[in-house]
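# Structural characterization, general
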Amino acid sequence: MLLICAIGAVVSAFASTTGILGALIPLAVPFLPAGEVGAVGMVTALAISSSVVDSSPISTSGALVTANAPEEQRDAVFRRLMTWGFGMTVIAPLMTWGIFVVPGRL
């Protein structure tokens, strides 16, 4: 599940979050019958991991923010959003996995 959350975060930084969730949730389904992962925790972890990176400047919302920044601040906004987006690709999967998947009760 941690790997699936990480894949969702990395790919979502460049693509549609909704599309990624539609592709990753079926990959995580084999964990459900074994009782290793709760369905709510699994979907929550995937959704959060995939959506917090949407403000990277490569994603649509981040690109809009960067494009609408004043010309003299555009490079700084791009760098900060890039740092945020790629930082979240590491932090979000670890945190959501630890909070929602590891306890196994959700």
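First, a word on scope: everything that follows refers to the structure included in this document. Since this is a predicted model, take the numbers as computed values, not measurements.

### Considering the environment of Val65
Within the secondary structure, Val65 sits in helix 4 (residues 60–68). The class for Val65 is partly exposed, based on a relative accessible area of 45%. Residues Val65 and Ser55, spaced ten residues apart in sequence, show a C-alpha to C-alpha distance of 8.3 Å. The contacts of Val65, once residues within four sequence positions are left out, are Val77 and Leu81.

### Description of the pattern of salt bridges
Here the structure, examined in full by the defined rule, presents one salt bridge. Two residues, Arg74 and Glu71, come together in a salt bridge whose shortest N-O distance is 3.0 Å. Residue Glu71 is classed as exposed on the basis of its relative accessible area, which comes to 59%.

### A few points about the packing of helix 2 (residues 17–28) against helix 3 (residues 39–51)
In the contact formed by helix 2 and helix 3, the axes pass within 10 Å of each other and the chain directions differ by 145°. Along this stretch, helix 2 crosses helix 3, giving a crossing that reads as right-handed. Packed against helix 2, whose contacting residues are Thr17, Ile20, Leu21, Leu24, Ile25 and Ala28, the element helix 3 presents Met42, Val43, Leu46, Ala47, Ser50 and Ser51 at the interface. Among the residues making up the contact of helix 2 with helix 3, the classes are represented as nine nonpolar, three polar and no charged.

### Some points on the packing of helix 3 against helix 5 (residues 74–101)
Interhelical geometry of helix 3 versus helix 5 gives an angle of 160° and a closest axis separation of 9 Å. In terms of axis orientation, helix 3 runs roughly antiparallel to helix 5. Here helix 3 runs over helix 5; the crossing is right-handed. Within the contact between the two elements, helix 3 uses Gly41, Thr44, Ala45, Ile48 and Ser49 and helix 5 uses Ala92, Pro93, Thr96, Phe100 and Val101.

### Focus on the nonpolar core
Met1, Ile4, Cys5, Ile20, Leu21, Leu24, Ala28, Val37, Met42, Ala45, Leu46 and Val101 form the largest nonpolar core, which has twelve residues in total. Of all the secondary-structure elements, those providing two or more residues to this core are helix 1 (2–12), helix 2 and helix 3. The element best represented in this core is helix 2, accounting for four residues. For Met1, the residues in contact, after removing those within four places along its chain, are Ala28, Phe31, Val37, Met42, Leu46, Trp97 and Val101.

Cut-offs used in this document
- Residues numbered from 1 in each chain as written.
- Predicted model: local features only at pLDDT ≥ 70, side-chain atom pairs only at ≥ 80, totals over all residues.
- Heavy atoms only, no water.
- Helix = DSSP H or I, 4+ residues; strand = E, 2+ residues; numbered from the N terminus.
- Buried < 20%, exposed > 50% of the residue type's maximum accessible area, 1.4 Å probe, protein only.
- Contact = heavy atoms within 4.5 Å.
- Salt bridge = Lys/Arg side-chain N within 4 Å of Asp/Glu carboxyl O.
- Axes fitted to C-alpha atoms, helices over the stretch in contact; angles between N-to-C directions.
- Left-handed = near helix turned anticlockwise from the far one by under 90°.
- Nonpolar A, V, L, I, M, F, W, Y, C, P; charged D, E, K, R; others polar.
- Parallel < 35°, antiparallel > 145°, perpendicular 65-115°, else oblique.
- Core = buried A, V, L, I, M, F, W, Y, C linked by side-chain atoms within 4.5 Å.

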